[in-house]
Each structure stands twice: as C-alpha cells, then as structure tokens.
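Architecture at a glance
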Amino acid sequence: MINVRFPDGAVRTYEKGITPMAIAKSISEGLAKKVIAASVDGVVCDASTPLNNDIALKLHTWDDAEGKSTFWHSSAHLLAEAVESLFPGVKFWVGPAVDKGFYYDMDLGGRHISEENLLSLEKKMNELAAKNSPYIKKEISKSDAIAYFTEKGDEYKLDLLAGLQDGEITFYTQGEFTDLCRGPHIPHTGLIKAIKLTSIAGAYWKGDEKNKQLTRVYGVTFPNQKELDEHLQMLEEAKKRDHRKLGKELGIFTFDDDVGPGLPLWMPNGTVVIEELERLAKETESAAGYKRVVTPHIAKESMYLTSGHLPYYQDSMYPPMELEGVKYYLKAMNCPHHHKIFSAESRSYKDLPLRLAEYGTCYRYEQSGELFGLMRVRCLHMNDAHIYCSKEDFANEFRAVNDMYIKYFNIFGIDKYVMRLSLHDPAKLGQKYINEPELWKETEEMVRKVLIESNIPFVEVPDEGAFYGPKIDVQIWSAIGREFTLATNQVDFAQGRRFGLQYTNKDNQAETPLIIHRAPLGTHERFIGFLLEHYAGKFPVWLAPLQVKILPISDKFNAYARRVNQQLLEAGIRSEVDDRGEKVGKKIRDTELMKIPYMLVIGEKEQTENSVSVRRQGKGDMGQCAVSEILSTLTSEIKNRQNI
Ligand SMILES: [Zn+2]
Ligand SMILES: [Zn+2]
C-alpha cells in the first residue's frame, strides 16, 4: 500500500501501482472525466502513471494552468497527425504549448500551407479527435528511436535524439501518429472538442536565422465550443481595443524614428492622462504618509556596483557615458537613489517607517525585437516608492500597501486580480537566495498572513522569489479578460545591508531596516496601455483628456457656447467649443469618435433658458438641464473619480 497526500492535506492509502486516474475515479466519475494530468511530488505527469511510492498528488483539470498546457501540447500532437495525413512526408521539429494555445514547427519539404489548408486541417483534427484515441506512452531505447526516425527520414527528431540518453526516451502514439516526446499528455483525443488554427508563420530552425526556415502553425483548442467562441470574440474585441491603434486615434502617444525605438513621446492628450494618474497617486500617497523625492536620471558606476545592478543587470541597462574619467549610467531603477536619500541623514526608530515616493523615470535597454507599443519600452515612468521599516512595522506597512492596490483596482473597475507570492527554496540559500533562513521564514509568513487576512486572492509559487526577499507579482485582467502583469511588490532584506543603511533602534543600537519596493500603478507606459484596452479608449470623465465638448447648432449660438465653456474652464473642467460651420449631426459624430464623455448641445431654447442639452458617451441623449446643474454633476463625478 502507498500513502497519497492531497493538496488539502488529507492522506489516503491506495494499492501500490494505482494511477492518478484510478484515484480520481474512486473519488467520483465526474472528476475522472475532467482529469487531464496529475502532479506527483510537484512534477506534472500523465494521469495513467502508476504510483509506487508515498507521494503528494494534485489532479489537474482544464481549470488550472498545468491542465491547460497539457491539453494544448497534446493538441499539437493532434495537429501533427492531421498535417501528416494531408502532407505526407512532412518532418516535425517541436510543438509546445504557449501562453494561449500551441504551435508546431514543421518542414513541409517546399510545400506551403494556405488559409484553406488551415480549414481542412481543422476539419481533419476534429475527425481525429472524435475517435477518442488514447495517448499511449512507450519507453524506447535510443537505438530503436534512431532507427524509427531514420526510416521516417526526419532529421529534426534525430537531432533531438542526439541530445538524449537511453532510459530517458519515450514515444507517444495517438491514432496513426507517433512522436518523440517526454509528455505529459491528456488521456485521449476525445477531450478536444473545439479547435481553431489561428495563424501560420515562418520560424528559423532553433531560432537561428542561418538555419532553414520552418513553417510554424499556431492553434488553440478548448474542451467545449462555448469557450472557443468566447475566446475568438475576445480576440476580435482586443483587436478593436489595441492600445497602439487607440493611442494614435486619440492622440495619446507617438513614436519617432529620430527619437528612437521604444522611446514614446506623450502627446497633449496622453499627458493629461499621465497628470491625472500622478494626481491620484500623490493624493493617495500623501494620505498614507509618504514623502516625495526627486532624483537625477543618471548615476555613477560605483552606485550600481554597490546595488549589484552591475554587473548582474548590465544587459538591461543603456551603455555608460564617460565624463571626467568616470562612467555614468542611465538609471534602470530608482531604488539606489532612494537608499542614498535614506542614508543622507542619521535615522532613528522615530523616523520609521520612512516612505519615499517618486514618479521616477527609468531607462532599460530592451532588445529591439522585444519592443511592443507601450508594453515594452526603453523609457518608463514608474509609480515607485520605497518603505524603510522595522521588522515590527513590516506587517502593517505591507498591509497598507496591499490596501492601496485594492483601492486603485476599485477606482479603475478592475474586478479580477491575483497576487502571485513567489517564495524561496531553502535548498538554495546562499546561492540563489540570500542566506537568511530566519528572515525568509518570518517575512514569507508575514506576507502570507496579510494576504489571507485581507482576503486577497493569491497563489504561492515556490522557488521564484527575488534574490533578496519574497516577491509579489500582481496580475490583473482587463474588461475583456486579457491578463496583464501590473507590478511587483517586493520585500527586501539585502539592499539595506549592501548600502549600509542603518537606524538607531529603541535600545540605542544600530539596525538595518527592511525595505518594501512597491509600484501599484506600475509604469505610466504599461498602465495606460492597459487602460486603453480596458476602457476601449472611453476614459471615465476624471481621466478623459477632454471632458466636455460644447456643440452650438449654428454660428448664432457661438457666443453663448463660449460663455458656458468659460464657466466650465473656471470650474477646472477640460472643455472646448466646436464652433466649426458644420451641421450638429457631424459635430456629434466627430465628438463620439474622439470618445469624449460629455457633449453639451446648444440652440435657441438652451440660450434663452440658460441651459444645455446633455449627451453622454455611451448613453445618448440625457435631456436638458441648467448650466449650474451640469456644472455640479461634472464636478462631483470628477472629484469622486467615478468609473462611469
Ligand atoms: Zn508531447
Ligand atoms: Zn525598488
């Protein structure tokens, strides 16, 4: 008999040799139908793997990341089977699961896959899936494996085999197709119910442009049609909401070759959004006891040697400039500058927690191929702050930081978020992680406790902490369900020591503070990119670059329109008059295209009654109201940062 420990801590006893699938069946048939794979002592494997020792078991379904990636990788095998039946003689390289779906790289021997071919391949895959073919694993000797692929004439698989040893080679067969693969796979093809091949691309073998170009076919599959439909609809919507498209249409940002790749220029409309975000951050931080600082964009090499950015982070920094025989670097992070502000004065426990905040400008050397709109840039403005605190204060400070994240999520209508708590691995202390076993245990426990108490959804990821402490990555989802990594919130017990930061504690002894690095609004670049998609460019009034457009129906009312406009401007509302000689219908359409939240239409009746007719973006005609009334509506909506 063997003992099997489940994620909830329960331990049950089973016959030696039982499989995860049989365990699932013993729990319920319903569960067994959903099981895709299993983790045995943290390693993902087939649900048909015999269990011969005491182990920790987790059953994977479509609902978890391991389940999805096993599902998609198995779908790549199905794609290969379909390709082989339509393109005999095709040779295959690798077919991994990716973020959303899978791909397979193949050598079609001079043939091409057309869009119509994709449809036939989908049809073929559906046929093959419906056969419910099991994915059968077979251990095979290296010589037999070489013989198989030599006969098939697949030099790519032979290349993969060259790097493998006897005892670690397995084949998987489903239906008519056999692949060299270490697995794991789903139990049978029948689980794949909805298939979409999304695109074809060229990909150099092993990513090297000196090598032959292979054909890469991308696809995505689901266990039901409904999820595929939703996914395709989301992709369609994401295209409309593409931040690069909206950013141009709405005059938010631009790039210029003479300025350089990855260096966005913020246009007047984008600058308004930036200033509103900074106003929000400054108000929130000031209420939470933060102090603002300003630091230079460059610093001497010696500081980055102290911080450890050099040489470890050098590849991500701009090359240095030399002045008066000293090397200077553009700053890639604000932390070292803030540490220097901490150490500029002698500190006592009475000065702590010290919270230093700055919307700091950083420069990072991202590879040209990695640059992407506002999401991957070389110049970024970070909602940064560093909190220097004692161990006793840590839990409260950390809780307050989390509360700030949640407060922002509410303001922006971000309903779905998860924090990923990355922990250390005790076996790697002194190598991958700073050798402070007690501090690791203490801080990880404190962080976990705060997350649980604050009811924040989180997952724990072992062995992914930062070198200097546990790390919390914050993932958020836009209104159309796309995932973004917003920012990290980090605990740091190493930098303080590296920089010799000290304060005098209550017992009059020198102590090193803990440091919390936090940036709830991430960078302007990434966050505004996210907001453009999230709001589809329709910013709530408080964030909208232009909040009100006043539309006189003819020249006769331009003077009154300007008087109303003046009142709005004086109340701090961003407003403009459209006094072009156009028909009001055209003025309304143009204003809607620019996604301006409020339109005030003015004609004879409005002028006589000192009123306006209100049209609200997305809601249409709201009727007529007095100028004083619209002023107070707007003022309160802006002041409360109402999310429409
Ligand atoms: Zn495989
Ligand atoms: Zn930092």
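The structure under discussion appears in the preceding block.
Computed from a predicted model, the values in this text were never measured in an experiment.

What counts, and at which threshold
Residues numbered from 1 in each chain as written. Chains lettered and ligands numbered in written order. Predicted model: local features only at pLDDT ≥ 70, side-chain atom pairs only at ≥ 80, totals over all residues. Heavy atoms only, no water. Buried < 20%, exposed > 50% of the residue type's maximum accessible area, 1.4 Å probe, protein only. Helix = DSSP H or I, 4+ residues; strand = E, 2+ residues; numbered from the N terminus. Donors = N, O, S within 2.8 Å, 3.2 Å for Na, K, Ca; no water. Polar contact = N/O pair within 3.5 Å; in protein donor to acceptor, adjacent residues only side chain to side chain. Contact = heavy atoms within 4.5 Å. Tetrahedral: all angles 85-135°; square planar, octahedral: opposite > 155°, others 65-115°. Core = buried A, V, L, I, M, F, W, Y, C linked by side-chain atoms within 4.5 Å. Phe/Tyr/Trp six-rings, centres within 6.5 Å; stacked < 30°, edge-to-face > 60°. Lys NZ or Arg CZ within 6 Å of the ring centre and 35° of its normal. Salt bridge = Lys/Arg side-chain N within 4 Å of Asp/Glu carboxyl O. Pairing = 2+ DSSP bridges. Axes fitted to C-alpha atoms, helices over the stretch in contact; angles between N-to-C directions.

Regarding helix H12 (residues 335-342)
- Counting buried residues in H12 gives six out of eight residues, a clear majority hidden from the surface.
- Taken together, the buried positions of H12 are Cys 335, Pro 336, His 337, His 338, His 339 and Phe 342.

Quick word on the coordination of the zinc ion (ligand 2)
- Ligation of the zinc ion (ligand 2) by protein atoms is provided by Cys 335 (SG), His 386 (NE2) and His 517 (ND1), these donors lying 2.0 to 2.3 Å from the ion.
- By relative accessible area, which is 8% here, Cys 335 ends up buried.
- Judged by its relative accessible area of 8%, His 517 falls in the buried class.

Some remarks on the side chain of His 185
- With respect to the element layout, His 185 can be found in the loop between strand S11 (177-180) and strand S12 (194-204).
- One polar contact links His 185 to His 73, side chain to side chain, over a distance of 3.0 Å.
- Among the polar contacts made by the side chain of His 185, one reaches the side chain of His 77 at a distance of 2.9 Å.
- Those residues in contact with His 185 that lie beyond four places of it in its chain are Ile 36, Asp 46, Thr 70, His 73, Ser 74, His 77, Tyr 135 and Tyr 172.

A few points about the coordination of the zinc ion (ligand 1)
- Here the zinc ion (ligand 1) is held by the protein donor atoms His 73 (NE2), His 77 (NE2), Cys 181 (SG) and His 185 (NE2), which lie 1.9 to 2.1 Å from it.
- One way to put it: the four donor atoms around the zinc ion (ligand 1) meet at angles of 89 to 128°, and that makes the site tetrahedral.
- One chain supplies every donor to the zinc ion (ligand 1), and in sequence these donors are spaced H-x3-H-x103-C-x3-H. You can see His 73 sitting in helix H3 (residues 65-86) and its partner Cys 181 sitting in the loop between S11 and S12, a full 108 residues away along the chain.
- A relative accessible area of 13% places Cys 181 in the buried class.

As for the nonpolar core
- Judged by nonpolar contacts, the single largest core of 71 residues is most densely connected at Leu 277, Phe 394, Phe 412, Ile 476, Leu 531, Phe 539 and Leu 543.
- In terms of residues, this core owes the most to one element, helix H13 (residues 391-412), which gives nine residues.
- If you look at the next biggest cluster of nonpolar residues, it comprises 38 residues, including Ile 36, Phe 87, Leu 108 and Val 217.

Thoughts on the packing of aromatic side chains
- On inspection of all chains with the given rule, the structure shows 27 aromatic pairs.
- Seen in terms of ring centroids, Trp 72 and Phe 222 are 6.4 Å apart; in terms of plane orientation they differ by 85°. Their pairing is edge-to-face. Remark: Phe 222 occurs in strand S13 (residues 213-222) and Trp 72 occurs in helix H3; sequence separation between them is 150 residues. Exposure class is identical for Trp 72 and Phe 222. Each is buried.
- A centroid spacing of 5.5 Å and a plane angle of 75° characterise the contact between Phe 149 and Phe 171, whose relative ring orientation is edge-to-face. One end of the pair, Phe 149, is in helix H5 (residues 142-152); the other, Phe 171, is in strand S10 (residues 170-174), and 22 residues separate them in sequence.
- When its relative accessible area of 4% is taken as the criterion, Phe 171 is described as buried.
- These aromatic residues form a ring-pair network of at least three members: Phe 412, Phe 484, Phe 527, Phe 530 and Trp 542.
- Arg 12 extends its terminal NZ or CZ atom over the ring of Phe 6, reaching a point 5.2 Å from the ring centre.
- In this arrangement the basic side chain of Arg 347 is found over the ring face of Phe 342, its NZ or CZ atom lying 5.4 Å from the centre.

Section: the side chain of Thr 523
- Along the chain, the position of Thr 523 falls in the loop between strand S29 (514-518) and helix H16 (524-534).
- By relative accessible area, which is 13% here, Thr 523 ends up buried.

Some thoughts on the pattern of salt bridges
- For the coordinates displayed, the defined rule picks out 45 salt bridges.
- In this structure, Glu 249 and Lys 245 form a salt bridge, with 3.6 Å as the shortest nitrogen-oxygen distance. You can see Glu 249 and its partner Lys 245 sitting in helix H8 (residues 243-249), four residues apart, about one turn around the helix.
- Where Glu 366 meets Arg 376, a salt bridge forms, and the shortest distance between an N and an O atom there is 2.8 Å. One end of the pair, Glu 366, is in the loop between strand S21 (354-363) and strand S22 (379-389); the other, Arg 376, is in the loop between S21 and S22, with ten residues separating them in the sequence.
- Given a relative accessible area of 32%, Arg 376 falls into the partly exposed group.
- Because the salt bridges share partners, they merge into one network encompassing Asp 578, Arg 580, Lys 586 and Asp 590.

A few points about the sheet that holds strand S20 (residues 347-348)
- With respect to topology, three strands assemble into an open sheet ordered S20-S27-S28, the strand pairing being mixed. The open sheet has two edge strands, S20 and strand S28 (510-511), and neither has a second partner.
- Pairing geometry for strand S27 (residues 503-504) and S28, over two bridges, is antiparallel. Within S28, the position partnered with Tyr 503 by the bridge is Glu 511.

A few points about unusual backbone geometry
- That bond from Leu 310 to Pro 311 is cis: its omega, 5°, falls within 30 degrees of zero.
- Locating Pro 311 in the fold gives a position in helix H11 (residues 309-312).
- Note that the residue after Leu 352, namely Pro 353, is joined by a cis bond; omega there is -10°.
- Mapped onto the secondary structure, Pro 353 falls in the loop between S20 and S21.
- If you check the backbone angles, Asp 41 has positive phi at about 50° while not being a glycine.
- Following the sequence through the fold, Asp 41 ends up in the loop between strand S3 (37-40) and strand S4 (43-45).
- The residue Arg 641 is not glycine, and still its phi comes out positive at about 45°.
- Looking at the element boundaries, Arg 641 is found in the segment after helix H20 (627-639).

Some thoughts on the sheet that holds S10
- Sheet architecture is open: three strands sit in the order S9-S10-S11, paired in antiparallel fashion. Two strands lie at the open edges of the sheet, namely strand S9 (136-139) and S11, each paired on one side alone. On average, adjacent strands in this sheet sit at an angle of 25° to one another, irrespective of strand direction.
- Relative to S11, S10 is paired through four bridges, and the arrangement is antiparallel. For Gln 174, the partnering residue across the bridge sits in S11 and is Phe 177.
- Contacts from H5 reach S10 and S11, with the element oriented near 125° to S11.

As for the environment of His 381
- Along the chain, His 381 turns up in strand S22.
- Residues His 381 and Pro 545, spaced 164 residues apart in sequence, show a C-alpha to C-alpha distance of 19 Å.
- Side-chain polar atoms of His 381 contact the side chain of Glu 525, separated by 2.7 Å.

These values are about where atoms sit, not about what they do.
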